[in-house]
Amino acid sequence: MIRSFLRLNTELLGVEPRRRSELLERLLARGEAISGASDWRALGFRALSPAPMPAVAAVSFLASQAHAAQPAPADFTWVFMATPVHLEPGLDNVRLPSDGIVCLSDEEARELAQEFERLWVDTPFRLQAMEGSLHVLSRTPAPASTHDPSAFAGEHIDEYLPVGAGARFLKALMSEIEMWLFEHPLNRERGRLGRSIVSGLWLWGGGERLEQLPATDFRAEGTDALFGAFDQAGQDTRVVVASHPPGSAEWQAGEEPWLRACVAGLKGDDSLVISLGRRLLQIKGRRTWRLFQKIRAWWEYFE
């Protein structure tokens, strides 16, 4: 049984200087790869909760609404994450660079949402900005299989475009947004300041809006679009999304003590899962020896 889940986001690779983490690296060397698990959130939620996993965007939007100055219109029933991205066109494909996810300030996010409101006023869409995050609301359901852009940063986007019943609808909207953002005043200002321009909004994690979070049996810590909304103290099972790079002083003060206690508490068939990029490794309580497994730097495990 999976008792704990640790996620190391790709963004942690960009923090310099990188520092080794003895405990984490010993665990990674001991871990066994989990095959066929492409969605770390789905695996973690399914393992730790009896409730069906809700849509990432629905959870994120509900959590954001709790701090919003005013509620979103009730007739917009479908919601997507709208992640700002900087895409690089090639000869025969488009690529999301490893640093292609753009972080906007609260003011920049509000500026885009306000202009979107004016230009798309007669359409079934709205762009909502809350605490710097962006969500697209729709009056029309658009069920589709989508991908978190952080999972394919550094790759061509073709195989990660939406598929399913609502895919055509989503891709058309993303194309319109790209044209709107081309030479947008916000991008001209960002370019003048030497910052990455926003060439598009990547829509993903869509689903029907929620009125309340599902009941869960785990505790979640850290910043994440899905798990960041769950905070139930006193639970034995836990999801931790690392906020600091392993080896840093913040890691040693926060995440590492939890990880050390978690490993000490693993017994029998209990296990810990560590997610790095698209790789998932499972560390079992019943120790399994892996002969000649070299201890490597933690960042080498990212694909």
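Above this text you will find the structure in question.
Notes on the structure follow. For every chain, the first residue of the written sequence is number 1, and numbering continues from 1 along that sequence. Whole-chain, interface and lining totals are the exception, using all residues; otherwise, since this is a predicted model, local features are given only for residues with pLDDT of at least 70 and side-chain atom pairs are given and counted only at 80 or more. Only hydrogens and water are removed before side-chain values are computed, so all heavy atoms of the structure are retained for them.

1. Focus on the layout of surface pockets
Logical step 1: In this analysis the probe radius is 1.4 Å and the grid spacing 1 Å, with only protein atoms considered; a cavity is a set of points the probe fits into but cannot get out of, a pocket is an open set with protein on both sides within 12 Å along at least five of seven lines, and lining residues have an atom within 4 Å of a point. Grid points are joined across faces, edges and corners, and a volume is the space filled by probe spheres set on the points. Estimates place the volume of the largest pocket at around 1500 Å³.
Logical step 2: What lines the largest pocket is a set of 50 residues, among which Asn 9, Glu 11, Ile 101, Thr 223 and Ala 225 lie closest to the centre.
Logical step 3: What counts as a helix is a DSSP run of H or I of at least four residues, what counts as a strand is a run of E of at least two, and both are numbered from the N terminus. Elements with a minimum of two residues in the lining of the largest pocket: helix H2 (40–48), helix H3 (56–65), strand S3 (78–85) and strand S7 (133–138).
Logical step 4: Per-element accounting of the lining of the largest pocket gives the leading share, four residues, to S3.
Logical step 5: Looking at the lining of the largest pocket residue by residue, the class counts come to 23 nonpolar, 17 polar and 10 charged.
Logical step 6: The volume enclosed by the second largest pocket comes to roughly 500 Å³.
Logical step 7: Along the walls of the second largest pocket sit 26 residues, with Ser 38, Asp 39, Thr 146, His 147 and Asp 148 positioned nearest its centre.
Logical step 8: For the lining of the second largest pocket, the elements supplying multiple residues, two or more each, are H2, strand S9 (200–208) and strand S13 (279–284).
Logical step 9: Broken down by element, the lining of the second largest pocket gets its largest block of residues, three residues, from S9.
Logical step 10: Side-chain classes follow a simple rule in which Ala, Val, Leu, Ile, Met, Phe, Trp, Tyr, Cys and Pro form the nonpolar group, Asp, Glu, Lys and Arg form the charged group, and the remainder, Gly included, forms the polar group. Across the lining of the second largest pocket, the residue classes break down as 11 nonpolar, nine polar and six charged.

2. What about the pattern of salt bridges?
Logical step 1: Each reported salt bridge corresponds to a side-chain nitrogen of Lys or Arg within 4 Å of a carboxyl oxygen of Asp or Glu. Across all of its chains, the model carries 15 salt bridges by this definition.
Logical step 2: With a closest N to O distance of 3.1 Å, Arg 219 and Glu 221 form a salt bridge.
Logical step 3: Exposure remark for Arg 219: the relative accessible area of 24% places this residue in the partly exposed category. Any residue under 20% of the maximum accessible area for its type is buried, any over 50% is exposed, and the rest in between are partly exposed; the area is computed with a 1.4 Å probe on protein chains only.

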